[in-house]
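Examination of the molecular architecture
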Amino acid sequence: MTNINAAGFPVLSLTTFLPLLGVLVLATLPGDEAASARNARWIALWTSLLAFVVSLVLWVRFDHRAAGYQFVETISWLPSFGVSYRLGVDGISVLFVLLSTALTPLCILASWEAVTVRVREYMAAFLILETMMVGMFSATDFLLFYMFFEGVLIPMYLIIGVWGGPRRVYASLKFFLYTFAGSVLMLLALLAMWHQAGTTDITVLLRTPFSAVMQFWLFLAFLASFAVKVPMWPVHTWLPDAHVEAPTAGSVILAGVLLKMGAYGFLRFSVPMLPLASQHFAPMMFALGVVAVIYTSLVALAQEDMKKLIAYSSVAHMGVVVIGIFTFNVQGIDGALFQMISHGVVSAALFLCVGVIYDRIHTRDIARYGGLADRMPAYALVFMLFTMASIGLPGTSGFVGEFLVLVGAFQVSLWLALFGSFGMILGAAYMLYLYRRVIFGKLSKPDLRAILDLSPREMAVFAPLVILTLWLGVYPSSFTSFFDATVSAMVQNHTEAVNLARQPVLFAGSTQ
Amino acid sequence: MNWALAAPELVLAVSALGILLNGVLRTRDSTILCTVLAVAVCVITAVLVIDTPTATAFGGLFVSDAFSRYSKLLILAGTVLCVVLSLDYNSRQRISRFEFPVLMLLSAVGMMVMSSANNLMTLYMGLELQSLAVYVLAAFARDDIRSAEAGLKYFVLSALASGLLLYGISLAYGFSGSMDFSRIAQAVMDPAGVSAGLTVGIAFIIAGLAFKLSAVPFHMWTPDVYEGAPTSVTAFMSTAPKVAPFVVLLRVMFGPFGHVTAQWQPIIVLISIASMLLGSFAAIAQTNIKRLMAYSSIGHMGYALVGLAAGTQTGVRGVLVYLLTYVVMSAGSFSCIVAMRRRGLAVDKIADLSGLARNDLTLATLLAIFMFSMAGVPPLAGFFGKLLVFQAAVDAGMWTLAIIGVLTSVVSCFYYLRVIKVMFFDASVAPFDVRSRSLSVVALATGAFTLIFFVYPAPFLGAANQAARALFG
């Protein structure tokens, strides 16, 4: 049973496994350390660019009106187990595939000069990571999804551990164990659902009714896995450590794509498959989201380390995403998705901004900077744009997502919207505070006097991110149109499922 | 009498004796020749195993079915891998003798007899043949006091376990009136209920076999023997001699005692949980990689026992896949550990691996693959073993077992990651001696299997499924 999609060629498999081909080439690279390092950079860059170009087929050929999976590929894998190799994208996942393929070449470009040891292995790790990310977002089989979801840990663990900062060992281990502990509980949920449905095909699982009690436990198992990944308060503590110790490009991928895996999981599994439990747990999720937004924003205000500050801001922004998802209305979920894309671009760019000055001065201590605007006007401008986008200034990408989430939250409760909007105020506070301390003021530190502005390579890295940020902000519908149909269908299904479950109570008066 | 059914065992036994004779009669050192012959004999035996039909022989003492064929192929694969990886190690340790591969072959004969046992007596004979050969192997470096100690320790404790097993067998015989598996099965279906004596007999049989599996609480010998024995022997002990007692345990529990699941299931559940907990927590403090592997194997047996505890056909399938991946990963890890030597001396501290990725990226990557796989990280082979046994537990509704299983695998992840951390993140020390080609072959073959098992696992899972079905008739 082999079935190749309408595009005429297996575009998703190609995007997923092209990077692995690059890894094979890297593995057989001859020559001494310096020569192989130079070649490795170019091979990795071209491979990831090629994967990006292939993935653009999704952008062009995606049918915006259809709610279901497109570009579906099916290959028989474990037929007697009801498990197949199934790939496909719908409105929820298509943009994440594109985000992954777009960020990987930028990461490779950003590590061009920053990474000088074991370059070949570094590039190979990034390409493997790309395979895992793209595979995870395009898998439509639960077991396949799980394999990619967990597979991400291996390259990321090595990237943090080998090329990271002074406390890399601790940070990488914490990252791995936190996520692994969450994931194995999801594995149990997978097994339970597999047992009931007899297959791990996500489209079948969506139609399989699970009893209310079972949904309760399944939701908690999923929560264990996805909450760590998002990360939600109080299991977010691995994130600041991982971000601070990871090399710049590692932070970029971590913030840009890996954090989206948790929220994506909620949208792909928890909400559509477990409607009753999602409804039941929504207040708790709101509470955790609000705590994340307010608490981590306050923590961010107190940070002295630039990367840590942005890491905490990520937790806060993802808290907004979680609130949006569990409003169960179109605006909220649309907003959450948009916020995820926007955060993927903006936080990635902010970590790159930190990377730029870290490469020059080798410190992330905010107090060591000041007055950079004098010496680095272009950098100051770019940093300003992304700061504003992070705050959510209208016209930038950050505004649309947060606004939609708040609109969605308002329909649920005034208080929820009120608390959620605190995040925007506090976000403005810590980001502007950061920006003022780093960019403005007097240039008094002697080693900053000779600092150079953005190099052409760095501009090439930032240019696409600047364009994307403005494009997302000024003309959001070219992105929202991708997921409108899917989200509408999802919200409708959710409402029907919840109403269906309520009916017997209304008519028969019986208890469940 | 159906001699043809036992053709693989007969060929293997006779060839082993032939190789022994050849070694004795030659005046020059013939270790390499004997090793090559041993590998060739194993391959021929494997072909014969595949060709054996499904039937019983010797008046029902001996059975050949899909289950025994699967087990025997696994045993032979483990033996071949260990014969090859011991060649270079033994010569560098100056314990290279032609008896070494012969003893491994004889042990393999014992294991194959075990997996074909259809009678408690056949089972015991096979078990003893296997064990006797391994006692000698454990003490093979006879001038090394640690090896001699390991051999003696293993012998004394193992003899005790054999005693327990025999006592269990005698009780089972006394209360059911037969040694034959099918007759015992009929006897225990007595509507009056299971006699207490039989239950005690089952418990003793489980205890005897659990000792060989190094499952908690019969694991005490494992770390010491693993550490003391020559690494080539440790490698062997952690592969095929773990498979054979396990398949015997499966056959006994589902054959003669298949109708009294309630009597043995709680025991297996307890052993399984204890092994998983000890295997994951006790390994954390280890500094010696061989001791680490000992605790790791205790843990692995615990996971595999989850499949048995489920008491279903899916559980048996899970166990069989688990054993397959375990044998490959274990042989692979030991092929890397065997390669750990500096200036002609074997080293076995985890710290000795420090910075290996800089000196020998291939070896470090291979060992990392085995470690990730043992931790159960997808998409590596080890994940599938864990997936299938946990699936069986969940299908059988044994949530406690499944939850403890996944949580201990997170704990065990910690020490597997530590090995990777030492190799990849730490500063490098002096490089290891150049690896021999035979070692690289084993490491690369097992590494490739572990890495790409996920691409096409269907034939292996299908074979395991068939074997499991044969057991349930």
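On a predicted model such as this, the values are computed, not experimentally measured, just so you know.

**Details of the overall build of chain B**
Tallying secondary structure elements over chain B gives 20 helices and four strands in all. Compactness check: chain B gives a C-alpha radius of gyration of 21 Å against a globular reference of 23 Å for 473 residues, within 12% of the reference. Taken along the three principal axes of its C-alpha coordinates, chain B extends 70 × 55 × 40 Å. Expressed as a percentage of the 473 residues in chain B, the buried residues total 63%.

**Considerations on the overall build of chain A**
Looking only at helices and strands, chain A has 20 helices and three strands in total. At 22 Å, chain A has a C-alpha radius of gyration in line with the 24 Å of a compact globule built from 512 residues. Dimensions along the principal axes, computed over C-alpha positions, put chain A at roughly 80 × 55 × 40 Å. Here chain A, with 512 residues, has 63% of them falling under the buried criterion. Of the contacts made within chain A by residues no fewer than 6 positions apart, 81% connect residues no fewer than 24 positions apart. Element-wise, carbon and sulfur atoms account for 69% of the exposed surface of chain A, whose accessible area totals about 17500 Å². Looking at charge distribution, chain A has the averaged site of its 27 positive side-chain charges lying 5 Å from that of its 25 negative ones.

**Quick word on the pattern of salt bridges**
Residues and elements named next belong to chain A. All told, the structure shown has 22 salt bridges over all chains when counted by the stated rule. Across the pair Arg86 and Asp141 runs a salt bridge, and its minimum N-O distance is 2.5 Å. Here Asp141 lies in the loop between helix H4 (119–138) and helix H5 (142–151) and Arg86 lies in strand E3 (residues 83–89), a separation of 55 residues in the sequence. Each member of the pair, Arg86 as well as Asp141, carries the same accessibility label: buried.

**Describing helix H12 (residues 261–281) of chain B**
Across its 21 residues, H12(B) extends 30 Å between first and last C-alpha, which sits within 8% of the 30 Å expected from 1.5 Å per residue. Against the buried residues of H12(B) lie helix H8 (196–213), helix H11 (240–254), helix H13 (289–310) and helix H18 (399–424) of chain B.

**Some points on the interface of chain A and chain B**
At the junction of the two partners, chain A supplies 32 residues and chain B supplies 38 residues. Around 3200 Å² of area is buried between chain A and chain B when both sides are counted, 81% of it from carbon and sulfur atoms. Ranking the residues of chain A by area buried against chain B places Phe81(A), Arg118(A) and Leu188(A) at the top, with a combined share of 18%. Between chain A and chain B we count six residue pairs in polar contact (both at pLDDT 80 or more) in total. Listing elements by their share of the side of chain A that touches chain B, those giving two or more residues are strand E2 (70–78), H4, H5, helix H6 (153–163) and helix H7 (168–197) of chain A. A total of 16 residues in the side of chain A that touches chain B trace back to one element, the largest contributor, which is H7(A). Classifying every residue of the side of chain A that touches chain B gives 24 nonpolar, four polar and four charged.

**A short note on the side chain of Asp334(A)**
Tracing the backbone shows Asp334(A) in helix H14 (residues 330–361). As a buried residue without a salt bridge, Asp334(A) has its nearest oppositely charged side chain in Arg268(A), at a separation of 13 Å.

**So, the nonpolar core**
Counting residues in hydrophobic clusters, the biggest one holds 377 residues, and the most contacted among them are Phe326(A) and Phe257(B). The element that contributes the greatest number of residues to this core is H14(A), accounting for 18 residues. The contacts of Phe326(A), once residues within four sequence positions are left out, are Phe219(A), Phe266(A), Val271(A), Ser278(A), Ala282(A), Met285(A) and Phe286(A).

**A few points about the pairing of E2(A)**
Residue and element names in this part refer to chain A. Where E2 meets E3, six bridges bridge the pair, whose relative direction is antiparallel. Opposite Ser76, over in E3, you have Ser84 as the bridge partner. Between E2 and E3, which pair antiparallel and follow one another directly, the connecting turn spans four residues, one of which, Gly82, has a positive phi of 75 degrees.

**Quick word on the environment of Tyr85(A)**
Residues and elements named next belong to chain A. As for its position among the elements, Tyr85 is in strand E3. With ten residues separating them in the primary sequence, Tyr85 and Ile75 have C-alpha atoms 5.1 Å apart. Residue contacts for Tyr85: discarding those within four places in its chain leaves Ser13, Phe17, Glu73, Thr74, Ile75, Trp77 and Leu144. A distance of 2.8 Å separates polar atoms of two side chains, one belonging to Tyr85 and the other to Ser13.

**Brief notes about the side chain of Ser438(B)**
Residue and element names in this part refer to chain B. Along the chain, Ser438 falls in helix H19 (residues 437–452). Separated by 3.1 Å, the side chains of Ser438 and Ser436 make a polar contact. Residues in contact with Ser438, not counting those within four places in the same chain, are Val84 and Asp88.

**Focus on H19(B)**
All names here are of chain B. Between the first and last C-alpha of H19 there are 22 Å, a value that for 16 residues agrees with the 22 Å anticipated at 1.5 Å per step. Among all positions in H19, only Ser438, Leu439, Ser440, Val442, Ala443, Thr446, Gly447 and Thr450 are buried. Where H19 is buried, its residues contact helix H3 (66–92), helix H14 (313–338), helix H16 (361–375) and helix H17 (381–395).

**Regarding a nonpolar patch on the surface**
Residues and elements named next belong to chain A. Together, Phe410, Leu414, Trp415, Leu418, Phe419, Phe422 and Ile425 make up a nonpolar patch on the protein surface, roughly 750 Å² of accessible area in all. At six residues, helix H18 (residues 414–439) tops the list of elements feeding residues into the nonpolar patch. In this fold, Trp415 is placed in helix H18. On the basis of relative accessibility, which here comes to 57%, the residue Trp415 falls in the exposed class.

Cut-offs applied
Residues numbered from 1 in each chain as written. Chains lettered and ligands numbered in written order. Predicted model: local features only at pLDDT ≥ 70, side-chain atom pairs only at ≥ 80, totals over all residues. Heavy atoms only, no water. Helix = DSSP H or I, 4+ residues; strand = E, 2+ residues; numbered from the N terminus. Rg over C-alpha atoms; globule rule 2.2 N^0.38 Å. Buried < 20%, exposed > 50% of the residue type's maximum accessible area, 1.4 Å probe, protein only. Contact = heavy atoms within 4.5 Å. Areas by Shrake-Rupley, 256 points an atom, 1.4 Å probe, with all protein chains shown as cover. Lys, Arg positive; Asp, Glu negative; His and termini not counted. Charge placed at Lys NZ, Arg CZ, Asp CG, Glu CD. Salt bridge = Lys/Arg side-chain N within 4 Å of Asp/Glu carboxyl O. Expected span 1.5 Å × (residues − 1). Buried area = accessible area lost by both parts, 1.4 Å probe. Polar contact = N/O pair within 3.5 Å; in protein donor to acceptor, adjacent residues only side chain to side chain. Nonpolar A, V, L, I, M, F, W, Y, C, P; charged D, E, K, R; others polar. Core = buried A, V, L, I, M, F, W, Y, C linked by side-chain atoms within 4.5 Å. Pairing = 2+ DSSP bridges. Patch = residues over 30% accessible without salt bridge, like charges linked within 9 Å, V, L, I, M, F, W, Y side chains within 5 Å.

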